[in-house]
Amino acid sequence: MKKLAVVASGWHFPIAFYEKISQQKIPAGWEVDLFTISHRDPIYSEKEKMGVFEKMGYNRRELYDRIMYRKVATVAEIEALGWHYELHPNTMGDWGCINQWLEKYDYKKYDKFLFTHDDNFILTDNVFVDILPQD
């Protein structure tokens, strides 16, 4: 069995991102582990997002944001979707989460990695099927 580690840098916490990644189809012969290495509690993102949508229009990008941020995820919701959530200090900026993940987890257990932000709008449930090699 091959393994993929998805490691998301947790900063914005849009519920749609966490839902869509956890709902991805997984190709035969693959397992997927989901990790959020957060540099702040989601409550701060929720405060930032208050009132933002009232100022937005309805072009494509703004519609995607409205869908993605229909709710800011809580830690409990992220974990209920199958993610391993960890809060770490923001020591070197955005991509410090990779080093923090590597300090705790054995990268040799995985065949592939997806390091990503948590503010990507996922359009399909075939991302893993489309990108992972299949025998």
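Look above for the structure.
What counts and how
Residue indices begin from 1 for each chain and proceed along its sequence in written order. Only residues with pLDDT of at least 70 are given local features in this predicted model, and only at 80 or more are side-chain atom pairs given and counted; all residues enter the totals for whole chains, interfaces and linings. The basis for the side-chain values is all heavy atoms of the structure; hydrogens and waters are excluded. Secondary structure elements follow DSSP: runs of H or I no shorter than four residues count as helices, runs of E no shorter than two count as strands, and numbering proceeds from the N terminus. The atom set for the radius of gyration is the C-alpha atoms, and the globule formula is 2.2 Å times the number of residues raised to the power 0.38. A simple rule labels every residue: compare its accessible area, found with a 1.4 Å probe on the protein chains alone, to the largest value its type can have, and call it buried under 20%, exposed over 50%, or partly exposed in between. For this analysis, a ring pair means two rings from Phe, Tyr or Trp (six-membered ring only for Trp) whose centres lie within 6.5 Å, classed as stacked if their planes differ by under 30 degrees, edge-to-face if by over 60, and tilted for the remaining angles. For a Lys NZ or an Arg CZ to count as sitting over a ring, it must be within 6 Å of the ring centre and within 35 degrees of the ring normal. A contact between two residues is defined here by any heavy atoms of the two lying within 4.5 Å. Think of it this way: DSSP has to see at least two bridges between two strands before they count as a pair. Angles run from 0 to 180 degrees between N-to-C directions of axes, and those axes are lines fitted to C-alpha atoms, restricted for helices to the stretch in contact. The nonpolar core is taken to be a set of buried Ala, Val, Leu, Ile, Met, Phe, Trp, Tyr and Cys residues, with the residues joined through side-chain atoms within 4.5 Å.

Visitor: Explain the overall build of the protein chain residue by residue, including any values.
Guide: Scanning the protein chain for helices and strands turns up six helices and four strands. When the helices and strands of the protein chain are placed in sequence order, the string is β-α-β-α-α-α-β-α-β-α. A globule of 135 residues ought to have a C-alpha radius of gyration of about 14 Å, and the protein chain, at 15 Å, matches this closely. By principal-axis analysis of the C-alpha atoms, the protein chain measures approximately 50 × 35 × 25 Å. Counting only residues that meet the buried cut, the protein chain has 40% of its 135 residues in that class.

Visitor: If you had to explain the packing of aromatic side chains to someone new, which residues and values would you point to?
Guide: Summed over all chains, the structure comprises 15 aromatic pairs. Between Phe17 and Tyr18 the ring centres are 5.1 Å apart and the planes differ by 85 degrees, which places this aromatic pair in the edge-to-face class. Grouping residues by exposure puts Phe17 and Tyr18 together as buried. One aromatic cluster is present, formed by Phe35, Trp101, Tyr105, Tyr110, Phe113 and Phe115 through successive ring pairs. One Lys or Arg, Arg40, reaches over the ring of Trp11 and ends 4.1 Å from the middle of that ring. Directly above the ring of Tyr58 sits Arg66, whose terminal nitrogen or CZ lies 4.0 Å from the centroid.

Visitor: So what about the environment of Phe35? Which residues, and what values?
Guide: In this structure, Phe35 sits in strand 2 (residues 30–38). Among the residues examined, Phe35 registers a relative accessible area of 3% and is labelled buried. When the C-alpha positions of Phe35 and Gly93 are compared, they lie 18 Å apart, and in sequence the two are 58 residues distant. Contact partners of Phe35, with chain neighbours within four places excluded, come to Ala5, Val6, Val7, Ala8, Trp83, His84, Trp101, Tyr105 and Tyr110.

Visitor: Could you give an account of the environment of Val7, with specific residues and numbers?
Guide: One can find Val7 in strand 1 (residues 2–10). Residue Val7 is classed as buried on the basis of its relative accessible area, which comes to 1%. For Val7 and His84, which are 77 residues apart along the polypeptide, the C-alpha to C-alpha distance reads 9.4 Å. Contacts of Val7, omitting those with residues within four sequence positions, involve Phe35, Ile37, Trp101, Leu114, Phe115 and Thr116.

Visitor: An account of the sheet that holds strand 3 (residues 83–87) is requested, with residue identities and associated values reported.
Guide: Strand order across the open sheet formed by four strands is 3-2-1-4, with parallel pairing between neighbours. One side of each edge strand has no neighbouring strand; the edge strands of this open sheet are strand 3 and strand 4 (112–117). Across the sheet, the mean angle separating the axes of adjacent strands is 20 degrees when strand polarity is ignored. When strand 1 meets strand 4, the two strands line up parallel, connected through six bridges. Following the sheet pairing, Val6 is matched in strand 4 by Leu114. On the sheet, helix 1 (residues 15–22) packs against strand 1, strand 2, strand 3 and strand 4 and is oriented at approximately 140 degrees with respect to strand 3.

Visitor: Any chance you could break down the nonpolar core for me, citing the residues and the numbers?
Guide: Buried together is how nonpolar side chains tend to be arranged in soluble globular proteins. Ranked by size, the top nonpolar core spans 19 residues in total, and within it Val6, Ile21 and Trp83 carry the most contacts. Elements with a contribution of two residues or more to this core: strand 1, helix 1, strand 2 and strand 3. Here this core gets four residues from one element, more than from any other, and that element is helix 1. Apart from the residues within four sequence positions on either side, Ile21 is in contact with Val6, Leu34, Trp83, Ile122 and Phe128. Ranked by size, the runner-up nonpolar core spans seven residues in total, among them Val7, Phe35, Ile37 and Cys97.

Read these as layout, nothing more, since geometry by itself doesn't imply function.
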